[in-house]
Amino acid sequence: MTKTRACMLIMAGALIAPGVATAQDGGVSASLVLSERLEAARNQALTPDGEDVTLQSITTLGYSFLSETRTQSLAFDLGLGLNGSLISDGDPTFSLGERSLSLDYGLQGATSSLDVSFGATQSDVAFLRPLSDFIEDGGLVLPEDFDDLTGSGTRTDLDFGARMTLRDDAPFGITLSADASDVRYRDTTDPELVDSTRLGFGLSGRFDIGPAIVATAGLRYSTSEEGGGAQSDSITYRADVTLAEPRGDLGFGLSLTPSGNGTQIGVDLSRSFDLPGGSLGGQIGVTLTSDEAQILTGGLDYALDLPLGEIAASLDHSVATDAGQTGDVTTSLSLLARTALTPDINASLNAGYARYEEAGTDVVTSIADLGATVSYAFAPDWSLSAGASYILRDPSDTEAAAAQSLSLTLTRSFDMRR
C-alpha cells in the first residue's frame, strides 16, 4: 500500500469513526438487497467489429445503513457481486464482480458544519456501464480515465473527500476542503491504463455584502502523479459574486490558473430559476487557455417533478483546471425520464453523451449510450425489471465500437427501521 493510500484510509477512519457512537441516539434504518441479473451482451469488450455474445449471471448482495440525529448522520454502504459468464465459443468463467464500500459522515453545528466521505471500489475495466451510472446531483461526473477505459483487467479506486464550514451565522465565513483519489490497475490489456494519484486542497472565504449579495473568493491546490512519472501541480484562484432574486440567483465568476506556459483565465455568468414543480439553471462563459485558445463554456440543468414521474436534463461544456488535466475539455449531456405506468409498474428512459479532448493533443474520445428499463413490483419487497441498452465508443485514434445488451433482474429487499 502506498503512503498516499494509507493516508487516505487513516484520514477517513479518524474523521468518520467518532460519529458512530453518537449517531446511535437517533433513527436508524438498514436495508439488505439481494438481486440476480441475467444478461446477454454483444461485443461487451467494445472492440471494433466485435461480434462475440456474452451470457452473464450477476448475483449482487448489497447492504446499506443510515443513522441520523438532529445534528449528525452516518451512512454506510457495502456491495459484493459474483459473476458467471459464457462467451461465444468459450468456456464458462466465474469471478468476483464489483466490490464497493462507502462511508459518509455529516455533522451540523449552530455555526459550522463538517462532511466527510470515503469510498473504495474494485471492478472490471470493461466500460459497459451506462453513463447514467455516473450522474451525481443531476449532472455527469465522469471517471478521470473514461477516455481510455477499454480492454480487460481490474481497477481499484479509492476516494476521499472532506468539507468544513466555519462562521455560518456571521457576515464572513470560511470553507475548508480536501479530496484525494487513487486508481490502481492489475492485469490490464490496455497499456494506456496507468496508476494515478490525485490530491486537492481548497480554502475560500464568504462575504455577505448585503441582504441579497454574497461574494466568495478562494484558491484550490491540486497535485497529480501518473504511472510513476513526474508529479504535476496546479493552483486555481477563483472569485464569485451571487445576487439573490425572487425567482432565482444571478452569478458572476472569474478564475485564474497560472502555469509555466502561461495563465488559463475563465469568466462565466450564471442564472437560475425556481419553476413550479421544478428548476432551471444555466451558465455561459469563455476560457482563455495557456496557449491562447479561446473556448466557449457553458451548461444547462433542468428538472421537473410530474404527478407520476420526473424529467431531468443536464448539459455541460467545461475546461479542467486541476493538475494533470489543466486545459482538457469535456462535454457531457444526460437525459432522464421516469414515469409510473400503474401503481406497481414503472418505466424509465435515459440517454447520455460525453466527449473528452485532451489538451495539447489531437486525441478526442466520444461515448454515447441509450437505455430503457421497465420494473414491476409484483409483491412486497420483490421486484422484477427488464432492460435494454446501447453504447457507442468513438475514439479519434481507432475505429468506433458498439455494444448492446438485454437484461432481466429479480430483486428481494429486507428493510429495517427503528
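The rules we used
Residues numbered from 1 in each chain as written. Predicted model: local features only at pLDDT ≥ 70, side-chain atom pairs only at ≥ 80, totals over all residues. Heavy atoms only, no water. Helix = DSSP H or I, 4+ residues; strand = E, 2+ residues; numbered from the N terminus. Polar contact = N/O pair within 3.5 Å; in protein donor to acceptor, adjacent residues only side chain to side chain. Phe/Tyr/Trp six-rings, centres within 6.5 Å; stacked < 30°, edge-to-face > 60°. pLDDT = per-residue confidence, 0-100. Contact = heavy atoms within 4.5 Å. Salt bridge = Lys/Arg side-chain N within 4 Å of Asp/Glu carboxyl O. Buried < 20%, exposed > 50% of the residue type's maximum accessible area, 1.4 Å probe, protein only. Core = buried A, V, L, I, M, F, W, Y, C linked by side-chain atoms within 4.5 Å.

The next thing to look at is the side chain of Thr156. Mapping Thr156 onto the fold places it in strand β8 (residues 154-166). Here the side chain of Thr156 touches Gln122 through a polar contact of 2.9 Å, side chain to side chain.

Centre-to-centre distance and the angle between the planes together describe a pair of aromatic rings. This model, assessed by the stated rule, comprises 4 aromatic pairs. Site record: aromatic cluster; members linked through ring pairs are Tyr376, Phe378 and Trp382.

What follows concerns the confidence of the model for the protein. Regions with low pLDDT should not have their predicted coordinates read in detail. Taken residue by residue, the protein gives an average pLDDT of 85. The fraction at 70 or more is 87%. Across residues 1-24, confidence stays below pLDDT 50; counting only partners more than four residues off in sequence or on other chains, it has 40 contacts.

The next thing to look at is the pattern of salt bridges. Per the stated rule, a full pass over the model turns up 15 salt bridges. The salt bridge partner of Asp182 is Arg184, with a shortest N-O separation of 2.9 Å. In this structure Asp182 comes out as buried when scored by relative accessible area, which is 0%. Residue Asp381 is joined to Arg412 by a salt bridge in which the shortest nitrogen-to-oxygen separation is 3.6 Å. Of the two residues, Asp381 sits in the loop between β20 (364-379) and β21 (382-395) while Arg412 sits in strand β22 (residues 401-417), which places them 31 residues apart along the sequence. Owing to a relative accessible area of 37%, Asp381 belongs among the partly exposed residues under this scheme. What you see here is one network of salt bridges that share partners, running through Asp182, Arg184 and Asp195.

What follows is about unusual backbone geometry. Although it is not a glycine, Arg167 sits at a positive phi angle of roughly 60°. Within the secondary structure, Arg167 sits in the loop between β8 and β9 (172-186). Its identity is not glycine, yet Glu292 carries a phi of approximately 70°, on the positive side. Its place among the elements puts Glu292 in the loop between β15 (278-288) and β16 (294-306). Given the relative accessible area of 67%, Glu292 is considered exposed.

With that settled, consider the environment of Asp208. Summarising the element assignment, Asp208 is placed in strand β10 (residues 196-210). Looking at Asp208, the relative accessible area reads 33%, which means it is partly exposed. Each C-alpha atom, one on Asp208 and one on Val241, is 9.9 Å from the other, the two residues being 33 residues apart in sequence. Apart from residues lying up to four places away in sequence, Asp208 is in contact with Ala170, Pro171, Ile213 and Val214.

Counting residues in hydrophobic clusters, the biggest one holds 7 residues: Leu114, Val116, Phe118, Ala120, Leu158, Phe160 and Ala162. Looking at this core element by element, the count peaks at 4 residues for strand β5 (residues 112-124). By size, the runner-up hydrophobic cluster in this structure holds 5 residues, among which are Leu46, Ile391, Ala401 and Ala403.

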